[in-house]
Amino acid sequence: RITGLPWLSFVLKVLLVGGIVFLVYLQMLAPLFGRIAQAKDILCDGNIEFVYSIHPVTGEVVATKTAAMDAPSWSTQALNVLQVASPRIEAAYGWSPTEEQLAASRGAPDAAA
């Protein structure tokens, strides 16, 4: 304890704790958030309107463009897959499924007809 200047002890402790927190941020959190941002850029930015597969015989990559995600209607095949999978979907998180898509996700037999 520093005599004569009681506030100096408090200030030194605050600076020490602040410095430790800053070092932890620089050494651990900044690289972690950097990797998260890079993963988001890799997965979500650029052209995401495509599918690909590896040819089983030749091992070559086969890729093709797909329809835009905000296409007004889904194909009968896509609705059939949605009906079989029966995921629980709702209009949330920036997605507004149509009544046809909601009916297909509930397994309604006439939704994909």
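The structure we're discussing is the one just above.
Sequence order sets the numbering: in each chain, residues are counted from 1 along the sequence as written. A pLDDT threshold of at least 70 governs which residues receive local features in this predicted model, and a stricter bar of 80 or more applies before side-chain atom pairs are shown or counted, although totals over entire chains, interfaces and linings include all residues. Hydrogens and waters are ignored; side-chain quantities use all the structure's heavy atoms.

Looking only at helices and strands, one finds 3 helices and 2 strands in the protein. Helix and strand labels come from DSSP, where a helix needs a run of H or I of at least four residues and a strand needs a run of E of at least two; each type is numbered from the N terminus. Secondary structure of the protein in N-to-C order comes out as α-β-β-α-α. Across the 113 residues in the protein, those meeting the buried criterion constitute 12%. Every residue pair with non-hydrogen atoms within 4.5 Å of one another is taken to be in contact. Considering only residue pairs separated by 6 or more positions, the protein has 19% of its internal contacts joining residues 24 or more positions apart. Looking at the protein as shown, the accessible area adds up to about 9500 Å², and 66% of this sits on carbon and sulfur atoms. Each residue's exposure class comes from its accessible area (1.4 Å probe, protein chains only) as a fraction of the maximum for that residue type: buried when under 20%, exposed when over 50%, partly exposed otherwise. Areas reported here follow the Shrake-Rupley algorithm with a probe of radius 1.4 Å; residue values treat only the protein chains shown as occluding.

Another aspect to go through is unusual backbone geometry. Its identity as a non-glycine residue notwithstanding, Ser86 has a phi of 50°, on the positive side. Looking at where Ser86 falls in the secondary structure, it is placed in the loop between α2 (76–85) and α3 (99–105).

Moving on, we get to the pairing of strand β1 (residues 50–54). Think of it this way: DSSP has to see at least two bridges between two strands before they count as a pair. Taken together, the 5 bridges between β1 and strand β2 (residues 61–65) define a ladder with antiparallel strand orientation. From the neighbouring strand, Tyr52 faces β2, where its bridge partner is Ala63. Linkage of β1 to β2, two consecutive antiparallel strands, is achieved through a turn of 6 residues, within which Gly59 is found at a positive phi near 80°.

So, about α2. Among all positions of α2, only Leu79, Leu82 and Gln83 are buried. Buried residues of α2 fall within an arc of 100° about the axis and therefore sit on the same side. Looking at α2, the residues exposed on the side facing more than 90 degrees away from the buried face are Gln77, Val81, Val84 and Ala85. Buried residues belonging to α2 abut α3. Ser86, located one to two residues past α2, shows a positive phi value of around 50°. Arc, as used here, means the arc of the directions from the helix axis to the C-beta atoms.

Take helix α1 (residues 6–44) next. Multiplying 1.5 Å by the residue count of a helix minus one yields the expected span of that helix. Over its 39 residues, α1 runs 54 Å from end to end, which matches the ideal 57 Å to within 8%, given 1.5 Å per residue. Of all the bends found along α1, the most pronounced is centred on Tyr25 and spans about 40°. To get the bend at any residue, fit one axis to the seven residues that end at it and another to the seven that begin at it, then take the angle between the two axes.

Just to be clear on terms, a salt bridge is a Lys or Arg side-chain nitrogen sitting within 4 Å of an Asp or Glu carboxyl oxygen. Following the criterion strictly, the structure yields 2 salt bridges and no others. Linking Lys40 and Asp41 is a salt bridge whose minimum nitrogen-to-oxygen distance equals 4.0 Å. Under the relative-accessibility criterion, Lys40 is labelled partly exposed at 45%. By relative accessible area, which is 40% here, Asp41 ends up partly exposed. Across the salt bridge formed by Lys40 and Asp45, the nearest N and O atoms sit 3.8 Å from each other. The exposure class assigned to Asp45 is partly exposed, which follows from its relative accessible area of 40%. When salt bridges with common partners are traced through the structure, they connect Lys40, Asp41 and Asp45 into a single cluster.

These figures come from the coordinates and say nothing about function on their own.
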